[in-house]
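Residues per chain are reported as follows:
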Amino acid sequence: NAGVTQTPKFRILKIGQSMTLQCTQDMNHNYMYWYRQDPGMGLKLIYYSVGAGITDKGEVPNGYNVSRSTTEDFPLRLELAAPSQTSVYFCASSYSSAGGQETQYFGPGTRLLVL
Amino acid sequence: GESVGLHLPTLSVQEGDNSIINCAYSNSASDYFIWYKQESGKGPQFIIDIRSNMDKRQGQRVTVLLNKTVKHLSLQIAATQPGDSAVYFCAENRVPSGGGADGLTFGKGTHLIIQP
């Protein structure tokens, strides 16, 4: 299994541009997440999804949108890039059942610089 | 709001020594705790986890201790190696009473430096 993969690895955007960060997992996990990590800080949850067609806001959702049309894919959309969105973005997935949620596995991250 | 925090931003230990990384949490409703290791330029990597019905859990060279009375979590790494140099994050997960997921709440991290 490739696990959680993210593309691109690095991107520079101009203020006001838009882009989509791609995330795919091949572990058949039902839960997927997007986090951002600012320098020297921990990760903060942007959006998450508990299954195809279901998404919900996390701690810092403003300026972002997500969709979950398939179990495998969970793209993150930035419509109007702002310098405050300069960060490293991590996608994660996990399996949750009636027994509780299991460990989250993270992708390698996408580094985004907005100028 | 509720948060997870770490006591020390940087911890330096000699190669071969044991290291202890501490974490305080404030959400008494949290029932699942995880330690992640993050190397430079990489995503967080799972190390070990513990549920709130346990006090201690051991893995390979790592032990996690949970003290619910004082809301404290620690990660012990035995016989540290150069490859252990990384930033270590504790994270908590609070499962809503209605089910579902609200993600993990991360602390800021502790940078573990292994000196030769």
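The structure presented is a predicted model; accordingly, all values stated were derived computationally and were not measured. (Residues numbered from 1 in each chain as written. Chains lettered and ligands numbered in written order. Predicted model: local features only at pLDDT ≥ 70, side-chain atom pairs only at ≥ 80, totals over all residues. Heavy atoms only, no water.)

**Concerning the interface of chain B and chain A**
Here is step 1 of the chain: If you look at the interface, chain B gives 20 residues, while chain A gives 20 residues.
Here is step 2 of the chain: Interface area, chain B with chain A, both sides summed: about 1600 Å², of which 55% is carbon and sulfur.
Here is step 3 of the chain: Between the two partners, chain B and chain A, sit 0 salt bridges.
Here is step 4 of the chain: Between chain B and chain A we count 4 residue pairs in polar contact (both at pLDDT 80 or more) in total.
Here is step 5 of the chain: Of all elements in the fold, only strand S4 (32-38), strand S5 (45-51) and strand S9 (86-93) of chain B reach the threshold of two or more residues within the side of chain B that touches chain A. (Contact = heavy atoms within 4.5 Å. Buried area = accessible area lost by both parts, 1.4 Å probe. Salt bridge = Lys/Arg side-chain N within 4 Å of Asp/Glu carboxyl O. Polar contact = N/O pair within 3.5 Å; in protein donor to acceptor, adjacent residues only side chain to side chain. Helix = DSSP H or I, 4+ residues; strand = E, 2+ residues; numbered from the N terminus.)

**As for the environment of Pro 75 of chain A**
Here is step 1 of the chain: Positionally, Pro 75 of chain A belongs in the loop between strand S7 (64-66) and strand S8 (76-78).
Here is step 2 of the chain: C-alpha of Pro 75 of chain A to C-alpha of Tyr 89 of chain A: the two residues are 14 residues apart in sequence and 11 Å apart in space.

**Looking at a nonpolar patch on the surface**
Here is step 1 of the chain: Residues Phe 10, Ile 12 and Leu 115 of chain A make up a contiguous nonpolar surface patch of roughly 320 Å² in combined accessible area.
Here is step 2 of the chain: With respect to the element layout, Leu 115 of chain A can be found in the segment after strand S13 (110-114). (Patch = residues over 30% accessible without salt bridge, like charges linked within 9 Å, V, L, I, M, F, W, Y side chains within 5 Å. Areas by Shrake-Rupley, 256 points an atom, 1.4 Å probe, with all protein chains shown as cover.)

**Some thoughts on the state of the cysteines**
Residues and elements named next belong to chain B.
Here is step 1 of the chain: Tallied over the full model, the rule gives 2 disulfides over all chains.
Here is step 2 of the chain: Linked covalently through their sulfurs, Cys 23 and Cys 90 form a disulfide whose S-S length is 1.9 Å. When the S-S torsion is 55°, as for the bridge of Cys 23 with Cys 90, the disulfide is right-handed. Separated by 67 residues along the polypeptide, Cys 23 in strand S3 (residues 19-25) and Cys 90 in strand S9 bring together distant segments of the chain. Cys 90 carries the same exposure label as Cys 23, and that label is buried. (Disulfide = S-S within 2.5 Å. Buried < 20%, exposed > 50% of the residue type's maximum accessible area, 1.4 Å probe, protein only.)

**Quick look at the environment of Gln 25 of chain A**
All names here are of chain A.
Here is step 1 of the chain: Its place among the elements puts Gln 25 in strand S3 (residues 19-25).
Here is step 2 of the chain: Note: C-alpha distance between Gln 25 and Gly 3 (22 residues apart in sequence) is 5.5 Å.
Here is step 3 of the chain: If sequence neighbours within four positions are ignored, Gln 25 has contacts with Gly 3, Val 4, Met 32, Arg 68, Thr 71, Glu 72 and Ser 93.
Here is step 4 of the chain: In terms of polar contacts, Gln 25 uses its side chain to reach the backbone amide nitrogen of Asn 28, at 3.2 Å.
Here is step 5 of the chain: Polar side-chain contacts of Gln 25 include one of 3.0 Å to the backbone oxygen of Thr 71.

**Concerning the layout of surface pockets**
The method is simple in principle: a probe with the dimensions of a water molecule rolls over the atoms, and the space it marks as empty is what remains.
Here is step 1 of the chain: Estimated volume of the second largest pocket: approximately 380 Å³.
Here is step 2 of the chain: Of all elements in the fold, only strand S9 (87-94) of chain A together with S9 and strand S11 (110-115) of chain B reach the threshold of two or more residues within the lining of the second largest pocket.
Here is step 3 of the chain: Among the residues making up the lining of the second largest pocket, the classes are represented as 8 nonpolar, 8 polar and 5 charged. (1 Å grid on protein atoms, 1.4 Å probe; cavity = no way out; pocket = protein on both sides within 12 Å on 5 of 7 lines; lining within 4 Å. Points joined across faces, edges and corners; volume = space filled by probe spheres on them. Nonpolar A, V, L, I, M, F, W, Y, C, P; charged D, E, K, R; others polar.)

**Some words on the confidence of the model for chain A**
Here is step 1 of the chain: Averaged over all residues, the pLDDT of chain A is 92; the fraction at 70 or higher stands at 97%.
Here is step 2 of the chain: Per-element confidence in chain A ranges from a low mean pLDDT of 62 for strand S11 (residues 100-101) of chain A to a high of 98 for S3 of chain A. (pLDDT = per-residue confidence, 0-100.)

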